[in-house]
Structure formats: structure tokens, C-alpha cells
Amino acid sequence: MDRDLADVIVIGAGPNGLTAAVELARAGLGVEVYEAADAVGGGARTEELTLPGFRHDPCSTAHPFGAGSPVFNSLPLREHGLEWAHAELPMAHPFPDGTAAVLARDVGETAASLGPRDAGAYRRLVEPFTGRWDALAGDVLRPQWAGLPRHPLLFARFGAVGGLPVALLARRFRHERARGLLAGAAAHLVGPMTGPVTAGGALTFLLAGHDGGWPFARGGSQAISDALASLLRVHGGVIRTGVTVTTLADLPPARAYVFDTSPTALARIAGLDRAYRGFRYGPATFKVDYALDGPVPWTAPQARRAGTVHLGPSYGEIGAAMRAVTRGREPEVPFVLTAQPTLADPSRAPEGKHVFYAYCHVPNGWRGDATAAIEAQIERFAPGFTDRVLARAVSGPARLAARNANYVGGDALCGSTAGLRAVIRPALRRVPYATSDPAVFLCSQATPPGPGVHGMCGHHAARAVLRALERAR
């Protein structure tokens with residue numbers, strides 16, 4: 001192996017590692033990326049998990065923050081094959097009576113779906129921010145203590161609401177429809193509804209949906225990773241797949257090493273034994289991918305038009321599920337998140353067939369089987385669903401962790417997001433991407449702004465690397 005000094009080596013070719021690599025290469029540095037898997041992508045890959053011709057995303061599939069990512073939108077990714085595919089509605093939240101609340105691109109349509117008692121309250125909540133996503137996203141999708149926001153008044157107004165527990169925000173609404181919609185959005189953070197900043201998490205998901213939808217990458221999430229890899233190669237970056245790195249001695253010497261890994265993997269590989277000793281992983285994901293003979297037979301018509309469908313009708317039911325998993329217990333009734341990519345992109349399945357994606361949360365490292373519980377929840381809102389199943393691919397925590405070493409114990413968010421851990425990640429540091437070794441950096445979704453396929457963790461880590469290299473120079 002060539003032992004000449006490299007500029008930057010990136011370990012891990014997920015969306016954040018690739019984004020960091022692209023930004024560093026565009027700054028004129030020589031960049032090499034090492035990936036243990038046989039292809040780039042990490043949590044943004046696409047494979048035929050069930051039957052030939054059915055293209056599934058093993059992890060992330062709907063991308064509200066990908067379409068609204070400041071760094072993705074600053075890069076020519078469309079020229080490298082990335083195209084967003086939108087369902088008619090970003091999200092639906094059905095109820096047992098056959099109706100549904102919706103997250104639509106239009107605020108008025110969303111408000112109307114909540115009923116007359118709460119339509120006005122919803123408008124008052126979101127309208128100060130609608131149409132201003134580009135301004136807000138840059139200030140929200142970053143470490144909150146990293147200097148003054150670019151739009152301080154807008155950010156202060158967001159913070160006045162976003163810093164609250166979603167349990168408190170839900171009191172603005174009278175009916176279960178609005179409260180359920182809000183809880184479903186907050187549950188993406190996988191923490192108790194009483195935790196601070198959970199209102200900000202819910203509001204960010206809703207605003208992203210109003211601005212850019214919750215789209216899918218046409219052809220599958222792999223298209224995001226492939227576009228980043230293609231752009232990196234244009235700027236001279238080198239990607240080496242199928243290489244497992246166990247220690248820095250496995251790599252050429254470099255001025256900087258950037259890890260798109262879990263914090264504990266960084267500590268092990270870089271020999272920083274005391275780093276991240278207090279880091280906590282969160283609840284695990286239990287996921288089932290389906291090949292279907294036809295569309296899901298939702299009772300609610302709105303759910304038949306939505307790319308994402310949340311299954312947990314009441315605030316109380318969703319809150320109970322989140323409390324259980326964060327306390328290490330299996331929920332009595334899981335909150336199930338589902339996605340219907342073929343509504344937006346029929347090319348991902350044979351003609352007339354569909355791919356479908358459903359998951360819930362379980363305790364970290366859980367060894368049970370939640371398939372029956374997930375399907376019971378789907379049947380509750382789509383009677384006859386199981387009759388349309390041609391094949392299923394089940395991924396519990398152990399399988400998820402085996403596929404992606406960053407998902408310790410099946411935690412696909414790469415660290416607990418309960419309470420202030422949603423923003424203080426992976427530890428309370430002025431520069432959360434830096435470590436005690438001035439040449440070693442972390443860029444995974446364990447860092448701010450946290451989980452999601454948006455590349456912003458990689459973007460901010462790349463800025464930290466460039467500053468450090470400039471100081472060293």
C-alpha cells in the first residue's frame with residue numbers, strides 16, 4: 001500500500017461521509033474514502049430484498065430533509081442522477097373511523113384535515129415559518145451554539161416553540177386529530193413526548209413537508225449515495241469498497257481522518273479509549289419490507305395518496321409506545337411508520353406491483369419478532385393487507401446491526417435522541433466533530449444536526465477539518 005501522506009481519509013461511505021469527502025475534495029484536498037461494504041451508501045442503499053424486480057431501501061426511504069438539505073441543494077447532484085419523486089401527499093395519519101389527517105404541501109389542506117376546532121391553531125403554529133425553509137434550515141440544521149444564526153429573529157421565533165416538549169405544544173389543540181399528527185411527527189425522534197426540544201423536532205418535520213414534501217429518490221435511496229460518489233470522483237476523490245478498517249494502522253498516513261461511523265467505533269479504531277465513554281445508544285428499529293400484489297387497501301382515501309403513513313391514531317397511544325421503548329420495554333401497541341415508494345416511483349416494482357416499508361421501535365438489542373404486531377397495526381387501518389403480500393424481508397435489531405455496524409444494537413439513529421441528546425450529540429463540546437486527537441474527526445449522524453439523510457453532519461465536519469488544517473498550516 002502506498003504510504004505517502006494523504007490529505008484526508010474518510011472511513012465510511014454513508015451520505016455524511018460522502019458529503020464530507022465531496023466538500024473537502026472541492027476545497028482542493030486529496031480525499032480517499034474507505035468503506036467496509038461492497039458498495040457505497042450506508043443507510044441510503046437500495047437492494048432487491050424480497051423478489052426480483054422489487055427494489056427496497058434497507059434503511060431510510062422518505063427524505064424530507066434530503067430534499068430540503070442546504071448542502072445537497074448547493075451541490076449539482078441532479079447532474080449526477082439524483083431526482084426526487086413525490087407522492088400526491090407527503091404524509092397521512094389515518095384514524096379507525098376511516099378518515100385521516102394529512103401533511104400536505106399546502107398549509108390550508110393540512111389545517112382543514114384537522115377539523116374546524118384546530119385548523120386555526122395549526123395555521124398560527126406554522127405560518128410564521130412557511131415559505132422560509134431555506135432561511136430556517138441553515139440555522140436549525142447545525143450545532144445550536146455554533147455562533148449567531150444568520151436569521152436571528154426567525155430562529156428566535158422558532159426556538160420559542162421548538163424548545164418546548166411536544167406534550168406542552170399539543171395542548172394548543174383540542175381534537176385528537178391534530179394531537180395525533182403532532183405526536184407522529186415527534187416520534188421520529190424516538191423519545192418521550194415530555195422531553196425538551198421534541199416540539200422542535202415535530203415542527204421541523206412538518207415545515208419540511210410543507211416546503212419540499214417528503215419525497216423518495218427516484219430509483220431508490222441508493223441514487224443519493226451514487227450521486228455523491230459520482231461528484232466526488234469528478235473532484236479527484238478515490239473510493240475503496242470492501243475494506244474493513246480495524247485500526248488506523250490499516251490506512252495510509254494522513255493529515256486528517258474523518259469517521260462516518262458510530263462514536264464507539266471511532267474510539268476503538270483510532271485508539272481513543274476514553275472517548276465517548278458516556279455515549280448512549282437509543283431504541284432499536286424493527287423493520288419489514290414487503291413485495292405486494294397491489295396497493296395497500298387503506299380504509300382512509302387520503303392514505304392511498306400518501307408517500308408516508310403513520311399508524312398510531314392517538315397522542316396517548318404514540319406516547320405510550322415511545323415511553324416503553326425508551327425504558328427498555330416492548331410497547332403493547334407499536335407506533336408503526338410506513339412508506340409507499342411506488343406511489344411516487346412505479347419503476348421500483350414490476351408493473352402493477354408495489355414495494356412497501358414498515359417499521360416500529362423496540363428496545364435496543366431486542367431479540368423478539370415484531371412482525372405480527374406490525375401487521376396487526378397495518379390491518380387495523382387496511383383490512384386485507386396481508387392478502388396482498390407476495391414476500392417479506394424481516395430485519396430485527398441484530399440483522400440491522402449486522403448489515404450496518406453503525407447501528408449498534410439496532411439503533412438506526414446512531415445514538416439516543418431522547419431529550420437534550422437530540423441536540424447535544426455525541427458529547428457536549430464546542431466543536432462536536434472534533435476529538436482529543438487533532439487529526440481525528442467524527443461526521444456521522446451521531447453529530448449535530450442528527451439523524452436523517454441530509455449530509456449536514458458531513459458538511460459541518462468538513463468545515464471543522466478545513467479550519468483545523470488551516471490552523472496546522
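Quick caveat, the model's predicted, so the values are computed rather than measured. Going along each chain's sequence as written, the residues are numbered from 1 onward. For this predicted model, a pLDDT threshold of at least 70 governs which residues receive local features, and a threshold of 80 or more governs which side-chain atom pairs are given and counted, while totals over whole chains, interfaces and linings are taken from all residues. To get the side-chain values, take all heavy atoms of the structure and skip hydrogens and water.

Student: Help me out: how do you make sense of the overall build of the protein in this one?
Tutor: What counts as a helix is a DSSP run of H or I of at least four residues, what counts as a strand is a run of E of at least two, and both are numbered from the N terminus. Along the protein, the regular secondary structure elements total 17 helices and 14 strands. Taking 2.2 N^0.38 as the reference for a compact globule, 473 residues should give roughly 23 Å; the C-alpha atoms of the protein span a radius of gyration of 21 Å, in line with that estimate. Projected onto its principal axes, the C-alpha coordinates of the protein cover approximately 65 × 50 × 45 Å. Each residue's exposure class comes from its accessible area (1.4 Å probe, protein chains only) as a fraction of the maximum for that residue type: buried when under 20%, exposed when over 50%, partly exposed otherwise. Per-residue burial over the protein gives 62% buried out of 473 residues. Residues are treated as being in contact if the distance between any of their heavy atoms lies within 4.5 Å. Long-range pairs, those at least 24 residues apart, make up 75% of the contacts in the protein between residues at least 6 apart in sequence. In this setup the radius of gyration rests on C-alpha atoms only. A globule is expected at 2.2 Å times the number of residues raised to 0.38.

Student: Sorry if this is basic, but what is going on with the nonpolar core here?
Tutor: Here is a general trend for soluble globular proteins: nonpolar side chains tend to be buried in one another's company. In this description, a nonpolar core means a group of buried Ala, Val, Leu, Ile, Met, Phe, Trp, Tyr and Cys residues linked to one another through side-chain atoms lying within 4.5 Å. With 103 residues, the main nonpolar core has Val-8, Val-31, Tyr-122, Met-193 and Val-258 as its most contacted residues. For Tyr-122, the contacting residues outside a window of four places in its chain are Leu-103, Val-107, Thr-110, Ala-111, Leu-114, Phe-173, Leu-181, Leu-206 and His-210. Residues Leu-89, Ala-284, Ala-300 and Ile-374 belong to the second largest nonpolar core, which totals 30 residues.

Student: Is there a simple way to think about the sheet that holds strand β5 (residues 100-103) in this case?
Tutor: Through backbone hydrogen bonds, the strands of a sheet pair up, either in parallel or in antiparallel fashion. The rule for pairing is simple: two strands pair if DSSP sees at least two bridges between them. One open sheet accounts for seven strands, arranged β5-β4-β10-β11-β12-β9-β13; its pairing is mixed. Whereas interior strands pair on both sides, the edge strands pair on one side only; in this sheet they are β5 and β13 (389-395). Averaged over all pairs of adjacent strands, the angle between strand axes in this sheet comes to 20 degrees, irrespective of strand direction. As paired elements, strand β11 (residues 336-339) and strand β12 (residues 354-362) share three bridges and run antiparallel to each other. If you follow Leu-337 over to β12, its bridge partner there is Tyr-359. Between N-to-C directions, angles span 0 to 180 degrees; the directions come from axes that are lines fitted to C-alpha atoms, helices contributing only their stretch in contact.

Student: Is there a simple way to explain the pairing of strand β4 (residues 89-94) in this structure?
Tutor: The two faces of a sheet get side chains in turn, since along a regular strand they alternate between them. In terms of residue burial, β4 counts as a mostly covered element, since six of its six residues are buried. Bridge count between β4 and β5: four bridges; the pairing is antiparallel. By the bridge assignment, Ala-92 is partnered in β5 with Val-102. Hairpin remark: β4 followed by β5, antiparallel, with five residues in the connecting loop; positive phi at Gly-98, about 90 degrees.

Student: Any chance you could explain unusual backbone geometry here in plain terms?
Tutor: Only a minority of non-glycine residues have a phi that is not negative, and only a minority of peptide bonds are not trans. Here the bond from Arg-425 into Pro-426 is cis, since omega is -10 degrees, no more than 30 degrees from zero. With respect to the helices and strands, the residue Pro-426 is situated in the loop between α16 (397-403) and β14 (440-442). One non-glycine residue, Val-197, lies in positive phi territory at about 65 degrees. Positionally, Val-197 belongs in the loop between α9 (176-186) and α10 (198-212).

Student: Help me out: how do you make sense of the packing of aromatic side chains in this one?
Tutor: Each aromatic ring pair is characterised by the separation of its centres together with the angle its planes make. Only the six-membered ring of Trp is used, alongside the rings of Phe and Tyr, when aromatic pairs are assigned; centres must lie within 6.5 Å, and planes under 30 degrees apart are stacked while those over 60 apart are edge-to-face, with the rest tilted. A full pass over the atoms with the stated rule returns eleven aromatic pairs. Considering the side-chain rings of Tyr-357 and Tyr-359, the 5.7 Å spacing of their centres and the 90 degrees angle between planes classify their relative orientation as edge-to-face. Within the aromatic cluster, the residues linked to one another by ring pairs are Phe-65, Trp-133, Phe-205 and Trp-214. Note on criteria: charge over ring means Lys NZ or Arg CZ within 6 Å of the ring centre, with the direction from the centre no more than 35 degrees off the ring normal. In this structure, Arg-142 packs its charged tip against the face of Phe-155, placed 5.8 Å from the ring centre. Over the ring of Tyr-315 we find Arg-179, and its NZ or CZ is 4.8 Å from the ring centre.

Student: Teacher, can you tell me more about the sheet that holds strand β8 (residues 254-259) here?
Tutor: Across the sheet, five strands lie side by side as β7-β2-β1-β8-β14; this open sheet has parallel pairing. Here the strands that pair on one side only, and so sit at the sheet edges, are β7 (238-241) and β14. Neighbour-to-neighbour, the strand axes of the sheet open up by a mean angle of 20 degrees, direction not taken into account. In this sheet, β14 lies alongside β8 in parallel orientation, the contact comprising three bridges. Paired with Tyr-257 across the bridge in β14 is Val-440. Contacting β1 (6-11), β2 (31-35), β7 and β8, helix α1 (residues 15-26) crosses the sheet at an angle of about 165 degrees to β2.

Student: Hey, could you run me through the environment of Pro-149 in this one?
Tutor: For Pro-149, the position within the fold is in the loop between α6 (133-140) and α7 (152-162). The buried category is assigned to Pro-149, whose relative accessible area is 18%. Every residue in contact with Pro-149, bar those within four places of it in the chain, is listed here: Asp-139, Arg-142 and Phe-155.

Student: Please explain the pattern of salt bridges as it appears in this structure.
Tutor: Oppositely charged side chains are able to pair whenever their charged atoms sit close together. For salt bridges, the criterion is a side-chain nitrogen of Lys or Arg within 4 Å of an Asp or Glu carboxyl oxygen. In the structure shown here, the tally under the stated rule is 16 salt bridges. Measuring nitrogen to oxygen at the nearest pair gives 3.8 Å for the salt bridge that ties Glu-23 to Arg-463. Pair noted here: Glu-23 is in helix α1 and Arg-463 is in helix α17 (residues 456-472), with a separation of 440 residues, a long-range link. By relative accessible area, Glu-23 is classed as buried at 9%.

Student: Sorry if this is basic, but what is going on with α6 here?
Tutor: Residues spaced three or four apart along an α-helix face the same direction, because each turn holds 3.6 residues. Most of α6 is tucked away: six of the eight residues are buried. Taken residue by residue, α6 has Trp-133, Ala-135, Leu-136, Ala-137, Asp-139 and Val-140 as its buried positions.

Student: Is there a simple way to think about α1 in this case?
Tutor: For α1, built from twelve residues, the straight-helix expectation of 16 Å at 1.5 Å per residue is met to within 8% by its first-to-last C-alpha distance of 16 Å. Burial analysis of α1 places eleven of its twelve residues in the buried class, which makes it a mostly covered element. Of the positions making up α1, those classed as buried are Pro-15, Asn-16, Gly-17, Leu-18, Thr-19, Ala-20, Ala-21, Val-22, Glu-23, Leu-24 and Ala-25. Gly-28 sits one or two residues past α1 and shows a positive phi near 100 degrees. A helix's residues, less one, multiplied by 1.5 Å, set its expected span.

Student: Help me understand the environment of Ala-146, please; the structure alone is not making it clear to me.
Tutor: Relative to the elements of secondary structure, Ala-146 occurs in the loop between α6 and α7. Ala-146 gets classed as partly exposed once you look at its relative accessible area, which sits at 44%. Put simply, Ala-146 and Arg-430 are 284 residues apart on the chain and 7.6 Å apart in space, counted from C-alpha to C-alpha.

The values reported here are purely geometric and, on their own, carry no functional implication.
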